[in-house]
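Examination of the molecular architecture
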Amino acid sequence: MNLKWFVLLFLCFIGQSLEEQRKAEEVNIGAIFSFGTSNGKVARIAMEAAVQDVNSDPSLLGGRKLVLTLHDSHYSGFLGITGALQFMETDTVAVIGPQSSVMARVLSHLVNELHVPLLSFTALDPTLSPLQYPYFIQTAPNDLLLMTAIADMISYFQYREVVAIFSDDDQGQNSITALGDKLYERRCKIYYKAILPPEPMSSRDVIVSELVKIISMESRVIVLHTLSITGLKVFEIAQELGMMTSGYVWIATSWLSSTLDSTSISPKVASSIQGALTLRSHTPDSPKKRTFQSRWNKLSNGSIALNVNGLYAYDTVWMIAYAVKEFFDHGGKVTYSNDSNLNSFAGETMNLAALSIFDGGNQLLSNILKTNMTGVSGPIAFNPDRSMSRPSFDVLNVVGKGLLRQIGYWCNYSGLSVVPPESLYAKPANRSSSTQRLDQVIWPGKTTNRPRGWVFPDNGGPLRIGVPRRVGYKAFVSEEEGIGVVQGYCIDVFLAALKCLSYPVPHKFIMFGDGHKNPSYSQLVNMITANVFDAAVGDIAIVTNRTKILDFTQPYIDSGLVVVVQVKKMRSIAWAFLRPFTPLTWGVIAAFCLLVGTIVWILEHKFNDEFRGPPKKQMVTILWFSFSTIFGAPREDTVSTLGRIVLLIWFFVMLIITSSYTASLTSFLTVQQLSSSVQGIESLVTSNDPIGYQVGSFAENYLFEEVNIAKSRLVPLGSPEECADALEQGRVAAVVDERPYVDEFLSTYCGFQKVGPEFTRSGWGFAFPRDSPLAVDISTAILQLSENGELEKISKKWLNRKICGGQSSAVDSEQLQLKSFWGLFLICGVTCCFALIVYFCFMLCQFKRHCPELTRRSSSTGTRISHSVRLKKFLSFVDEKAEISANRMKRKRMETDSPSIS
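Residues numbered from 1 in each chain as written. Predicted model: local features only at pLDDT ≥ 70, side-chain atom pairs only at ≥ 80, totals over all residues. Heavy atoms only, no water.

In the annotation of an unreviewed UniProt entry, the protein chain is listed under the name Glutamate receptor and assigned to Anisodus tanguticus. The UniProt entry for the protein chain carries this comment under Subcellular location (unreviewed entry): "Membrane". As recorded by UniProt, the Function (unreviewed entry) comment attached to the protein chain reads in full: "Glutamate-gated receptor that probably acts as non-selective cation channel." (UniProt positions renumbered as here; feature names shortened; annotations may be inferred.)

This brings us to the layout of surface pockets. Taken as a whole, the second largest pocket holds about 470 Å³ of empty space. Every residue lining the second largest pocket is counted, 19 residues in all, and those nearest its centre are Arg 160, Arg 187, Asp 551, Asp 771 and Val 776. Among the elements that take part in the lining of the second largest pocket, helix H25 (residues 773-787) stands out by supplying 4 residues, more than any other. (1 Å grid on protein atoms, 1.4 Å probe; cavity = no way out; pocket = protein on both sides within 12 Å on 5 of 7 lines; lining within 4 Å. Points joined across faces, edges and corners; volume = space filled by probe spheres on them. Helix = DSSP H or I, 4+ residues; strand = E, 2+ residues; numbered from the N terminus.)

Here we take up the pairing of strand S2 (residues 65-72). Here strand S1 (residues 26-33) runs beside S2; their pairing, made up of 8 bridges, is parallel. Residue pairing for S2: Ile 29 is matched across the bridge by Leu 68. (Pairing = 2+ DSSP bridges.)

Our focus in this paragraph is a negative patch on the surface. Together, Glu 721, Glu 722, Asp 725 and Glu 728 make up a negatively charged patch on the protein surface. A relative accessible area of 43% places Glu 721 in the partly exposed class. (Patch = residues over 30% accessible without salt bridge, like charges linked within 9 Å, V, L, I, M, F, W, Y side chains within 5 Å. Areas by Shrake-Rupley, 256 points an atom, 1.4 Å probe, with all protein chains shown as cover. Salt bridge = Lys/Arg side-chain N within 4 Å of Asp/Glu carboxyl O. Lys, Arg positive; Asp, Glu negative; His and termini not counted. Charge placed at Lys NZ, Arg CZ, Asp CG, Glu CD. Buried < 20%, exposed > 50% of the residue type's maximum accessible area, 1.4 Å probe, protein only.)

In this section: unusual backbone geometry. Across the junction of Gly 97 and Pro 98, the peptide omega takes the value 0°, indicating a cis bond. As for its position among the elements, Pro 98 is in the loop between strand S3 (92-96) and helix H4 (101-114). Phi is positive for His 115, which is not a glycine, with a value near 60°. Summarising the element assignment, His 115 is placed in the loop between H4 and strand S4 (118-120). Of note in the backbone geometry, Asn 531 takes a positive phi value of approximately 65° without being a glycine. Relative to the helices and strands, Asn 531 resides in the loop between helix H16 (521-529) and strand S22 (535-536). For Asn 531, a relative accessible area of 47% translates into the label partly exposed.

Let us look at the sheet that holds strand S7 (residues 189-196). The strand order across the open sheet built from 8 strands is S7-S6-S8-S9-S10-S15-S16-S17, with neighbouring strands paired in mixed fashion. One side of each edge strand has no neighbouring strand; the edge strands of this open sheet are S7 and strand S17 (415-417). Taken pair by pair, the neighbouring strands of this sheet meet at an average axis angle of 25°, ignoring direction. Pairing of strand S10 (residues 277-281) with strand S15 (residues 392-398) involves 5 bridges; the strand directions are antiparallel. Residue pairing for S15: Leu 279 is matched across the bridge by Val 395. Contacts from helix H6 (residues 170-185) reach strand S6 (161-167), S7 and strand S8 (221-225), with the element oriented near 165° to S6. (Axes fitted to C-alpha atoms, helices over the stretch in contact; angles between N-to-C directions. Contact = heavy atoms within 4.5 Å.)

Membership of the largest hydrophobic core comes to 86 residues, with the highest contact counts inside it found for Tyr 489, Tyr 556 and Leu 774. In terms of residue count, the dominant contributor to this core is helix H15 (residues 489-500) (8 residues). Ignoring sequence-local partners within four residues, the contact set of Tyr 556 consists of Tyr 489, Cys 490, Val 493, Gly 538, Asp 539, Trp 764, Gly 765, Phe 766, Ile 782 and Leu 791. Formed by 73 residues, the second largest nonpolar core is a distinct cluster that contains Val 54, Phe 87, Met 103 and Met 319. (Core = buried A, V, L, I, M, F, W, Y, C linked by side-chain atoms within 4.5 Å.)

One pass over the full model with this rule turns up 22 salt bridges. Asp 539 is paired through a salt bridge with Arg 470; the nearest N and O atoms lie 3.1 Å apart. Of this pair, Asp 539 sits in the loop between S22 and helix H17 (544-547) while Arg 470 sits in the loop between strand S18 (463-468) and strand S19 (478-479), and the two are 69 residues apart along the sequence. A residue is classified by how much of its surface remains accessible, and Arg 470, at 4% relative accessible area, is buried. A salt bridge links Asp 551 to Arg 770; the nearest nitrogen and oxygen atoms lie 3.2 Å apart.

Those residues carrying the UniProt feature "transmembrane region" (unreviewed entry) are residues 584-603, 645-669 and 821-847 in this numbering. Across residues 584-603, the secondary structure splits into 100% helix and 0% strand, with the terminal C-alpha atoms separated by 28 Å.

Take a look at the structure:
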């Protein structure tokens, strides 16, 4: 009996030793997926094949075997959690999965605590941060890169608004948020978000409800980001609702390419997705990939085709295998320790205390992140932020029978191209718009013409355009009585812009206003935001408060506020001839006349008999000569060169001055003058005079809010006739209105004038709802009309730019200021100074020659003659007639020569 028990104990010991040895020779990894899905089926086959290939090389793990345990979550988050807990109890070193980002976020808390790496190639939520979830690794390009590629495609096709349809889960919400951010960077946006229940809870009724909403919207560009079952259901219902016809743009995320790559679809489903665009993670061609593809039919027994997730699943197993090899090569051991945080659960029914921390988890995680290998999906490496290195996508077009046709590639390095990304990395990065390219797309409706991407509101019905019914200035916009035809300058510009578009714009004009007074333009534009009108066309000023709620086109005419006042004929006065120059200018002219006359007298006095004589005569000569130069050449001749030079410059100065005087005096005697002291907006602000404005114009708000003029001073005026009467009767000191109106007013009514500069700068444009694509296209058309001269032709047809009665639109003619002539006076003054300096230098030299005894010391006293004596002698010499000086010099020379002869 004792022998029997001994044998039993020995056999138990041997069995336990063998079990421990077997466990020591096994490396356990787990996988959590919904294996009933196409991605789950493909992943299962690929992971099992990878484990088989790893174990076929005994040297890889040093004789150890990689053991893969599969857990089917059956679309259930709860079952996914239980599977993960089971793995944590069975010495698992790494887990592959889960399939959804919702579960990845939950399980990441578990693996963070127990230090077990969690790798997923399908849970690609861009917000699963490595800072928050350090043990979670995405082994495929995440959805941030996918959404960047879609944003680049939308920008490439020049769409500005999209509708996003997505599942209401973490990955759907966060990925679409990333798409919105990327679109914003490209000046695009998500127009509407259609949220569907997460799979498999999405029902037909919910999908129909959302698609019916989308049909009534303007945007026709739809991004579909769901899982395969819901996504295909959306396409089928969209086809039933007529949303897979020409004019629509459908972009499905990578779920569609994975579904079409791995499963066959019915003809009905194939027809419902024709023309859609989709993306697939790009995996470059390689011998490894071709070998694996050739094995696939045998591995799957023909049950399902290989898709890109199968490639990533295969490579993920190999990533773990290489990391485990590195772990063991550096002496690592698979050991576990108790988690002190779970000790309190010992003995409980859930037995959470059985969960233990993988001691080598941190080292294994580090080895995985250092991966640098080439797998069946291509080169594999991680960036410092744990994103995949060199991510790229295939851009695909779904054509007949559900086939995928490649139209290009996208990579983060160079954007969209028709060249495989791996051939671009050797070249400098270039993401300029000119280098972006895709092949021709076959769109829904089997058309190759790029859809516009939007329709008019109310599902393409006629555009409801509000038009102001004015009581004045009908050249801009008016309705012809009796037949209801809307016409005018603004209408012609709008219609000409529509003709420039590449698509028809059905529309109808709806007059706004009672016809008795001008309507409020603020109310008109507010009716666009209230969806009463789809647009507003007319003389609508582009001002700040309006641009906050609407989009305006490019201005088609410049505008701005100006001041208009009454003018009158100037009364003739006795001293009107003095008005052209200011008193200072008259004084300077008189001073220079005397200065020039005096200088010429000095230069001519010694040589010219007409400038000699008694002092009284010489004084009269100076005065006469000075002022006679104003009217022409004086009676006296000039004989000296310097005198002639001075007179030449002075005659030129006087020519300019007299010409300016004549022109200015003519203007003063002929133009109309202001009947008030208003010189512009500044004088209006400082006064207390009443100010008129046109009803409906933004001038009222501007004067009150921006210029701070009291409302009690503002007088509303309706028609141009009322404006003219108010000015003539003195009820207002001035009228403030927009420049196009003022130009028309001045061309019709005489006796009025603009004063001061424009004190606002704006323009007139057509108003549309915010982010309306039609506003962009109309703006482009307006620029085209401006460049080809059509705008100018329309302006000449409707607008009269002639000023009534030939009156000047300039402000009151001003007196000529001294600053207008200071350059002339400067030239004249410099010339006079130069002539005087040269003349006195010449006289000084002559004086030394004629009176040398005054420059030598006295022979008897040995001293020089005093300065006063020499100065008197010099002035006498200058005053002396030139002939007398010459004769005296001649006598002295003869006297000097006589002793020498004797």
